[in-house]
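# Summary of the model geometry
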Amino acid sequence: MAVTLTSYLFQQKGELPHVTDELVLLLNEIAAATKEIAGKVRKAGLLGVLGSAGKVNVQGEEVQKLDELANEILLESLKSCGKACQITSEEVEDCLVVSESGYAVAFDPLDGSSNIDVNVSIGTIFSVHKDSVMKPGREQLAAGYVIYGPSTMMVLTLGNGVVAFTLDPESGNYLLSHPEVKLPEKGKIYSINEANRDKWTSDGLRRFIDFLKGEKYTLRYVGSMVADVHRTLFKGGVFIYPADRKNTSGKLRLLYEASPMAFLVEQAGGLASTGEKPILDVVPEKLHQRVPVILGSRWEVEKCLEFMREG
Ligand code: AHG
Ligand code: MN
Ligand code: MN
Ligand code: MN
């Protein structure tokens, strides 16, 4: 009998004190919203939701129609379920405060927007804290993402390892397909946008990438963080979005990209660093702050940090 997300969460309730009925409800609500988003993603060309929404968001990015639609679906779900005390979205400038205490959710409603119109894997990323998201990522209660790829998969951690569910189109259920996701100790793939090579602020990083080429690593870069992290989790290797002269803190946002992904990667046995410290130890100062990201297999991340320390 296949294990559904709901039955998995109730099993965890018995094992983890922080997994309460309310948290189970909240995660089920997020899951339901991602199923609705998956439905829109898979028919986007027929719904007229491809292309730009004609506005610029707080990030200074041109918002895509699907960014907006996914954002509305998640906001609606979280508000109606009544279990979120605070809601933070990439697409909303301010944190929406609903009540003083409870579960604080941060999400990237649609990650990989530049890939929407070319039908390449995109995703949704979420992070759950107690009371406020403005805490180090190490304190997260849960984190995960859904990747809208050939399969729709949810990858989740409650702080006791990483599991993955696959959406069954027949039943409409997320069914447990990977009961234990463990990052390989070492991989053979590096993932970075090399177009920015000359702008990277670290010479050591350039030397590290050249070292990997000498070790016959291959390059895979999708341009959707969810897809690049998903491949790294399952195949190993390293994903990097570094600081460069233009983006001195890198491009990826801490609260709803770097921090949840770092929690998943560490829980799967890997490492996730800003280049100076573990991402999970960064104390947030601004809602949409960015951090450099170096994450993946222990061997590659440690080797990268070694090269960067040499300057
Ligand atoms: P989003 O679509 O949520 O704004 O995120 C896009 C991010 C991330 O998904 C990806 O890793 C990165 O942008 C790619 O950036 P470049 O196109 O600069 O490589
Ligand atoms: Mn964006
Ligand atoms: Mn994103
Ligand atoms: Mn996004």
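From a predicted model like this one, the values you see are computed outputs, not experimental measurements. (Residues numbered from 1 in each chain as written. Chains lettered and ligands numbered in written order. Predicted model: local features only at pLDDT ≥ 70, side-chain atom pairs only at ≥ 80, totals over all residues. Heavy atoms only, no water.)

## Structural notes on the UniProt feature "binding site: Mg(2+) 2" (unreviewed entry) in the protein
Within this numbering scheme, the UniProt entry marks Asp108, Asp111 and Glu257 as carrying the feature "binding site: Mg(2+) 2" (unreviewed entry). In summary, the annotated positions, though distributed over 150 residues, converge in three dimensions, the widest C-alpha pair being only 8.6 Å. Considering only the residues just annotated, the largest pocket is lined by Asp108, Asp111 and Glu257. Relative to the helices and strands, Asp111 is located in strand β5 (residues 103-111). (UniProt positions renumbered as here; feature names shortened; annotations may be inferred. 1 Å grid on protein atoms, 1.4 Å probe; cavity = no way out; pocket = protein on both sides within 12 Å on 5 of 7 lines; lining within 4 Å. Helix = DSSP H or I, 4+ residues; strand = E, 2+ residues; numbered from the N terminus.)

## With respect to the site of ligand 1
Every one of the 18 residues lining ligand 1 counts as a neighbour, but Asp111, Gly112, Ser113, Tyr221 and Tyr241 are closest to it. The separation between an oxygen atom of ligand 1 and a polar side-chain atom of Glu61 is 3.2 Å. Within the contact set of ligand 1, an oxygen atom lies 3.1 Å away from a side-chain nitrogen or oxygen of Glu90. Calculation on ligand 1 without its partners gives an accessible area of 470 Å², and the protein chains cover 87% of this total. When residues of the shell around ligand 1 are traced back to their parent elements, those giving at least two are β5 and β13 (238-241). Among the elements that line the shell around ligand 1, the one with the most residues is β5, at three residues. Considering only residue class, the shell around ligand 1 consists of six nonpolar, five polar and seven charged. (Near = heavy atom within 4 Å. Polar contact = N/O pair within 3.5 Å; in protein donor to acceptor, adjacent residues only side chain to side chain. Areas by Shrake-Rupley, 256 points an atom, 1.4 Å probe, with all protein chains shown as cover. Nonpolar A, V, L, I, M, F, W, Y, C, P; charged D, E, K, R; others polar.)

## Section: the UniProt feature "binding site: substrate" (unreviewed entry) in the protein
This chain's UniProt record puts "binding site: substrate" (unreviewed entry) on Asp111, Gly112, Ser113, Ser114, Asn193, Tyr221 and Lys251. None of the other annotated residues line the largest pocket; only Asp111, Gly112, Ser113, Ser114, Asn193, Tyr221 and Lys251 do. What Asp111 contacts, discounting residues up to four positions off in sequence, is Ile122, Gly123, Ile125, Ser224, Met225, Val226 and Glu257. One polar contact links the side chain of Asp111 to the main-chain amide nitrogen of Met225, over a distance of 3.0 Å. Mapped onto the secondary structure, Ser114 falls in the loop between β5 and β6 (122-130). (Contact = heavy atoms within 4.5 Å.)

## Quick look at the packing of aromatic side chains
Taken as a whole and assessed by the stated rule, the structure comprises four aromatic pairs. Here the aromatic rings of Phe211 and Phe307 are separated by 5.3 Å at their centres, their planes lie at 35 degrees, and the arrangement is tilted. On the criterion of sequence distance, the pair formed by Phe211 in helix α5 (residues 203-214) and Phe307 in helix α8 (residues 298-309) is long-range, its members being 96 residues apart. Of the residues examined, Phe307 reaches a relative accessible area of 15% and is grouped as buried. Through pairs of rings, three or more aromatic residues link up here, namely Phe208, Phe211, Trp299 and Phe307. When the ring centre of Tyr103 is taken as origin, the NZ or CZ atom of Lys130, which lies over that ring, is 5.5 Å away. Here the basic side chain of Lys186 rests over the ring of Trp299, its NZ or CZ set 4.5 Å away from the ring centre. (Phe/Tyr/Trp six-rings, centres within 6.5 Å; stacked < 30°, edge-to-face > 60°. Buried < 20%, exposed > 50% of the residue type's maximum accessible area, 1.4 Å probe, protein only. Lys NZ or Arg CZ within 6 Å of the ring centre and 35° of its normal.)

## Details of the layout of surface pockets
Considering only enclosed or pocket space, the largest pocket measures out at about 390 Å³ in volume. As for the largest pocket, its lining consists of 23 residues, and the residues nearest its centre are Gly112, Ser113, Ser114, Gly223 and Lys251. If you tally residues by element for the lining of the largest pocket, the top one is β5, at three residues. Residues that form the lining of the largest pocket fall into these classes: six nonpolar, seven polar and ten charged. Counting contributing residues per domain, the lining of the largest pocket is built from domain 1 (5-178) and domain 2 (189-310), each supplying no fewer than three. Its boundaries defined by the atoms lining it, the second largest pocket holds a volume of some 310 Å³. Lining the second largest pocket are 19 residues, and of these Ala243, Thr274, Gly275, Glu276 and Pro292 sit closest to its centre. Here the residues of the lining of the second largest pocket are counted per class, giving nine nonpolar, seven polar and three charged. (Points joined across faces, edges and corners; volume = space filled by probe spheres on them. Domains from an automatic or database assignment.)

## What about the coordination of the manganese ion (ligand 4)?
Only Glu90 (OE), Asp108 (OD) and Leu110 (O) from the protein coordinate the manganese ion (ligand 4), and they sit 2.0 to 2.3 Å from it. Here the donor residues of the manganese ion (ligand 4) are spaced in sequence according to E-x17-D-x1-L. Separating the manganese ion (ligand 4) from the manganese ion (ligand 2) is a gap of 3.6 Å, bridged by Glu90, which donates to each. Just as Asp108 is buried, Leu110 falls in that class too. (Donors = N, O, S within 2.8 Å, 3.2 Å for Na, K, Ca; no water.)

## Focus on the packing of helix α2 (residues 21-41) against helix α4 (residues 65-81)
For the pair α2 and α4, interaxial distance at closest approach is 9 Å and the crossing angle is 155 degrees. As summarised for this structure, α2 and α4 are arranged roughly antiparallel, according to the angle between their axes. As α2 runs across α4, the sense of the crossing is right-handed. Only Leu66, Leu69, Ala70, Ile73, Leu74, Ser77, Leu78, Ser80 and Cys81 of α4 make contact with α2, whose side of the interface consists of Leu26, Glu29, Ile30, Ala33, Glu36, Ile37, Lys40 and Val41. Residues belonging to the contact of α2 with α4 are distributed by class as follows: twelve nonpolar, two polar and three charged. (Axes fitted to C-alpha atoms, helices over the stretch in contact; angles between N-to-C directions. Parallel < 35°, antiparallel > 145°, perpendicular 65-115°, else oblique. Left-handed = near helix turned anticlockwise from the far one by under 90°.)

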